[in-house]
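Understanding the architecture of this molecule
These are the residues of each chain, in order.
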Amino acid sequence: MIPYSKQSINDDDINEVIKVLKSEMITQGPLVERFEKNICSYTSSNYSVLTNSATSALHISCLALGLSEGDILWTSPNSYVASANVGLLCNAEVDFVDIDTETYNMCSTALSMKLKDAEKSGKLPKIVMPVHFAGQSCDMINIKKLSEKYGFKIIEDASHAIGGIYKNTKIGSCKFSDITVFSFHPVKIITTAEGGCAITNDENIYEKLKLLSSHGVTRNPKNMVKKTLDKWVYDQISIGFNYRMSDLNAALGLSQLLRIESFINKRNKIANKYFQQLKNLDLKLPKQEDYNSSALHLFPIQVKNRKKIYNLLHRNDIKVNVHYRPIHTQPFWQNRGFKFGLFPNSELYYSKAISLPIFYDLNDEMQDSVINVLQKSCL
Ligand SMILES: *Cc1c(COP(=O)(O)O)cnc(C)c1O
């Protein structure tokens with residue numbers, strides 16, 4: 001059986017986790033902090049807060065930027081439902097911006113037009129959350145320009161994209177955003193089993209993220225209400241969640257981060273072979289902008305008869321998947337008033353989309369079997 005993606009865990013990864021299991025501190029030990037530091041140096045950013053999922057990182061990112069009732073968040077319909085859910089979890093309104101037909105990322109021209117209309121009707125978003133689909137960065141320079149013109153904050157949902165590069169800057173640098181979020185779910189580029197992280201260059205936002213991730217409680221003398229020498233005293237100074245990552249997960253993440261270049265290289269090798277071997281078939285290959293280097297979380301193709309080809313691949317034990325059914329077409333969002341046809345590019349893309357297998361342990365023979373099925377069915 002060949003999945004569309006899966007983790008690669010080697011003996012080093014396993015040994016690092018065992019070391020933690022044999023140590024005194026399996027939750028809040030030294031490794032979370034070390035992993036946070038290493039993510040910052042990997043992305044050339046100032047601060048990062050590890051969490052138990054990307055969803056919780058997105059949630060506290062919205063809260064840290066002040067999203068609340070009466071506010072509006074815009075994201076891409078071509079994403080996992082979590083990108084939109086977190087807006088509602090903050091009691092804000094959620095709306096979407098349609099995708100570009102080549103990159104399948106939020107279209108900055110559509111964003112610009114929607115902002116113009118929203119300004120007229122007094123419904124400008126407080127936060128725009130572009131999603132770096134498949135691991136390729138959105139058009140961040142233009143999105144940042146628009147944020148300066150219209151005064152919204154930016155959260156990059158980079159769940160697919162650790163290791164990706166945009167105009168010579170690593171995704172996660174937060175050069176074009178207030179916060180960037182990574183996911184470490186097993187299907188993503190590196191894994192901690194469940195896990196995520198929020199990155200920022202702003203100390204204020206960092207302090208808020210830290211508090212929100214851990215009950216609103218601080219032991220940092222700088223943030224405590226009264227100076228004290230009593231070591232047992234901690235202050236709760238806001239509301240918060242327990243969204244922390246454990247040292248067990250961080251140990252795995254630290255070890256995986258050491259392997260990231262080999263992961264990305266392998267994904268590139270697989271993608272190049274797909275580009276070579278599928279280029280003359282009756283299907284549409286994904287496009288990478290020349291200023292982008294994708295982390296290649298997904299390899300999305302578009303085919304004429306999706307149902308037929310999906311079923312054929314599955315009958316050959318190639319368990320491809322589809323990313324994504326547009327969020328606004330989900331029953332929950334339909335019940336909230338979203339109609340089919342609102343974001344036609346995302347709907348058309350979805351109707352033909354299949355994500356081909358791409359992951360570190362996909363070998364030549366396995367990839368050949370995928371290519372074989374397509375060569376026979378997409379003439
Ligand atoms: C996977 C994913 C998430 C959620 O990540 P978790 O770590 O599973 O919470 C959010 N957004 C996108 C685009 C994703 O692919």
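Examining the sheet that holds strand E7 (residues 165-166)
Strand pairing in a sheet takes place through backbone hydrogen bonds and is either antiparallel or parallel in direction. Strand order in the open sheet formed by three strands is E8-E7-E14, with antiparallel pairing between adjacent strands. The open sheet has two free edges, formed respectively by strand E8 (169-170) and strand E14 (292-293), since each of these has just one partner strand. Alignment of E7 against E8, held across two bridges, turns out to be antiparallel. Across the sheet, the residue bridging to Tyr166 is Thr169, located in E8.

Side note on the layout of surface pockets
Volume-wise, the largest pocket comes out at about 590 Å³. Lining the largest pocket we find 20 residues, and of these Gln28, Lys210, Ser214, Val217 and Arg244 sit closest to its centre. Those elements giving two or more residues to the lining of the largest pocket turn out to be helix H2 (31-43), strand E2 (47-51), helix H7 (203-213) and strand E11 (217-218). Sorting elements by how many residues they give to the lining of the largest pocket places H7 first, with five residues. Looking at the second largest pocket, its volume works out to about 360 Å³. In terms of lining residues, the second largest pocket is bounded by 24 residues, among which Tyr80, Ser183, His185, Lys188 and Tyr324 are the most central. Those elements that provide at least two residues to the lining of the second largest pocket are helix H3 (54-64) and helix H4 (82-89). The element that contributes the greatest number of residues to the lining of the second largest pocket is H3, accounting for three residues.

Observations concerning the nonpolar core
Grouped together as the largest cluster of nonpolar side chains are 32 residues, with contacts concentrated most on Cys62, Phe96, Ile155, Ile179, Val181, Leu209 and Trp333. Breaking this core down by element, the ones donating at least two residues are H3, H4, strand E4 (93-96), strand E5 (127-129), strand E9 (179-183) and H7. Ranked by residues supplied to this core, first place goes to H3 with six residues. If you count residues domain by domain, this core takes at least three from each of domain 1 (2-257) and domain 2 (260-377). Contacts of Cys62, omitting those with residues within four sequence positions, involve Leu67, Leu73, Val86, Cys90, Ile127, Met129 and Ile155. Membership of the second largest hydrophobic core comes to 27 residues, among which are Leu31, Phe35, Ile171 and Leu257.

Re the domain arrangement of the protein
Taken domain by domain, the protein holds domain 1 (2-257) and domain 2 (260-377). Spacing between the C-alpha centres of domain 1 and domain 2 amounts to 25 Å. If you look at the interface, domain 1 gives 47 residues, while domain 2 gives 51 residues. Both faces considered, domain 1 and domain 2 share a buried interface measuring about 4,300 Å² in area, 62% of it formed by carbon and sulfur atoms. When residues of domain 1 are sorted by the area they lose upon contact with domain 2, Ile2, Tyr4 and Tyr104 head the list and together hold 20% of the total. There are one salt bridge connecting domain 1 and domain 2. Linking domain 1 with domain 2 are 31 residue pairs in polar contact (both at pLDDT 80 or more), by the criterion used here. At the level of secondary structure, the elements contributing two or more residues to the side of domain 1 that touches domain 2 comprise strand E1 (2-3), H4, E4, E7 and helix H8 (247-258).

Reading guide: rules and limits
Residues numbered from 1 in each chain as written. Predicted model: local features only at pLDDT ≥ 70, side-chain atom pairs only at ≥ 80, totals over all residues. Heavy atoms only, no water. Pairing = 2+ DSSP bridges. Helix = DSSP H or I, 4+ residues; strand = E, 2+ residues; numbered from the N terminus. 1 Å grid on protein atoms, 1.4 Å probe; cavity = no way out; pocket = protein on both sides within 12 Å on 5 of 7 lines; lining within 4 Å. Points joined across faces, edges and corners; volume = space filled by probe spheres on them. Core = buried A, V, L, I, M, F, W, Y, C linked by side-chain atoms within 4.5 Å. Buried < 20%, exposed > 50% of the residue type's maximum accessible area, 1.4 Å probe, protein only. Domains from an automatic or database assignment. Contact = heavy atoms within 4.5 Å. Buried area = accessible area lost by both parts, 1.4 Å probe. Salt bridge = Lys/Arg side-chain N within 4 Å of Asp/Glu carboxyl O. Polar contact = N/O pair within 3.5 Å; in protein donor to acceptor, adjacent residues only side chain to side chain.

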